[in-house]
Amino acid sequence: MNSIRASVVYFDDFLIYFLLALALLALFSWIYAKVTPYRELELIRSGNIAAAITLGGAMIGFTLPLASVVANSVNLIDMLMFAGLAGVVQIVVFVLARKLLPGLSDSIEDNNIGKATLTAAMAICVGILNAAALTY
């Protein structure tokens, strides 16, 4: 019986960190959609695969370091601070992708899968490096 109690004693911590991480992912996704010059959700609802690829890549690119932050943070403030940093990094990746790929926004609206895939790959690659850097 003691082993069961020992196993569930941190269940509330799990719930707090997990729910906060989900809220941060939702917040990041909302901010990312607001920062981009096109309307991701409208495009995705109309079947635009390129918009789904770029948003999905950014979400994965954010979630990788977020998972690292959840695993390594010493408290909730630490988690929030470094999750915010991870979000900023992903926004910067999108800004850089727009510089490297002229006409990216129009290309996403035109359902250009090639540019969308490269943008998503950039977000995921940077997310992996960001996650590794956040193991402290």
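In the block above lies the structure referred to throughout.
Predicted model, so just to flag it, every value in this text is computed and none were measured.

Examining the packing of helix α4 (residues 49–72) against helix α5 (residues 76–100)
Then, number 1: Taken N-terminus to C-terminus, the directions of α4 and α5 make an angle of 160°; their axes are 9 Å apart at the nearest point. One way to sum up the angle between α4 and α5 is to call them roughly antiparallel. Classified by chirality, the crossing of α5 by α4 is right-handed. Packed against α4, whose contacting residues are Ala58, Gly61, Phe62, Pro65, Leu66, Val69, Val70 and Asn72, the element α5 presents Asp78, Met79, Phe82, Ala83, Ala86, Gly87 and Gln90 at the interface.

Topic: unusual backbone geometry
Then, number 1: A positive phi angle, close to 65°, is found at Asn111, a residue other than glycine.
Then, number 2: The topology assignment puts Asn111 in the loop between α6 (104–109) and α7 (113–133).

Concerning the nonpolar core
Then, number 1: Counting 28 residues, the largest nonpolar core has Tyr32, Leu66, Met79 and Ile108 as the members making the most contacts within it.
Then, number 2: Every element with two or more residues in this core is listed here: α2 (11–35), α4, α5, α6 and α7.
Then, number 3: Sequence-distant contacts of Tyr32, defined by excluding residues within four places in its chain, comprise Glu40, Thr54, Leu55, Ala58, Ile91 and Phe94.

A short note on the packing of aromatic side chains
Then, number 1: Summed over the entire model, instances satisfying the criterion amount to 6 aromatic pairs.
Then, number 2: Aromatic pair Phe11 and Phe14: ring centres 5.8 Å apart, planes at 35°, arrangement tilted. Taken together, the residues span about one helical turn, with Phe11 and Phe14 both in helix α2 at a distance of 3 residues.
Then, number 3: On the basis of relative accessible area, Phe11 is assigned to the partly exposed category, the value being 46%.
Then, number 4: The class for Phe14 is partly exposed, based on a relative accessible area of 45%.
Then, number 5: Consider the rings of Phe14 and Phe18, whose centres lie 5.5 Å apart with planes at 10°: the pair is stacked.

Describing a nonpolar patch on the surface
Then, number 1: Together, Ile4, Val8, Phe11, Phe14, Leu15, Phe18, Leu19 and Leu22 make up an exposed nonpolar region whose accessible area comes to about 750 Å².
Then, number 2: The element best represented in the nonpolar patch is α2, accounting for 6 residues.
Then, number 3: Tracing the backbone through its elements, the reader meets Ile4 in helix α1 (residues 2–8).
Then, number 4: You can call Ile4 exposed: its relative accessible area is 51%.

What counts as what
Residues numbered from 1 in each chain as written. Predicted model: local features only at pLDDT ≥ 70, side-chain atom pairs only at ≥ 80, totals over all residues. Heavy atoms only, no water. Axes fitted to C-alpha atoms, helices over the stretch in contact; angles between N-to-C directions. Helix = DSSP H or I, 4+ residues; strand = E, 2+ residues; numbered from the N terminus. Parallel < 35°, antiparallel > 145°, perpendicular 65-115°, else oblique. Left-handed = near helix turned anticlockwise from the far one by under 90°. Contact = heavy atoms within 4.5 Å. Core = buried A, V, L, I, M, F, W, Y, C linked by side-chain atoms within 4.5 Å. Buried < 20%, exposed > 50% of the residue type's maximum accessible area, 1.4 Å probe, protein only. Phe/Tyr/Trp six-rings, centres within 6.5 Å; stacked < 30°, edge-to-face > 60°. Patch = residues over 30% accessible without salt bridge, like charges linked within 9 Å, V, L, I, M, F, W, Y side chains within 5 Å. Areas by Shrake-Rupley, 256 points an atom, 1.4 Å probe, with all protein chains shown as cover. Salt bridge = Lys/Arg side-chain N within 4 Å of Asp/Glu carboxyl O.

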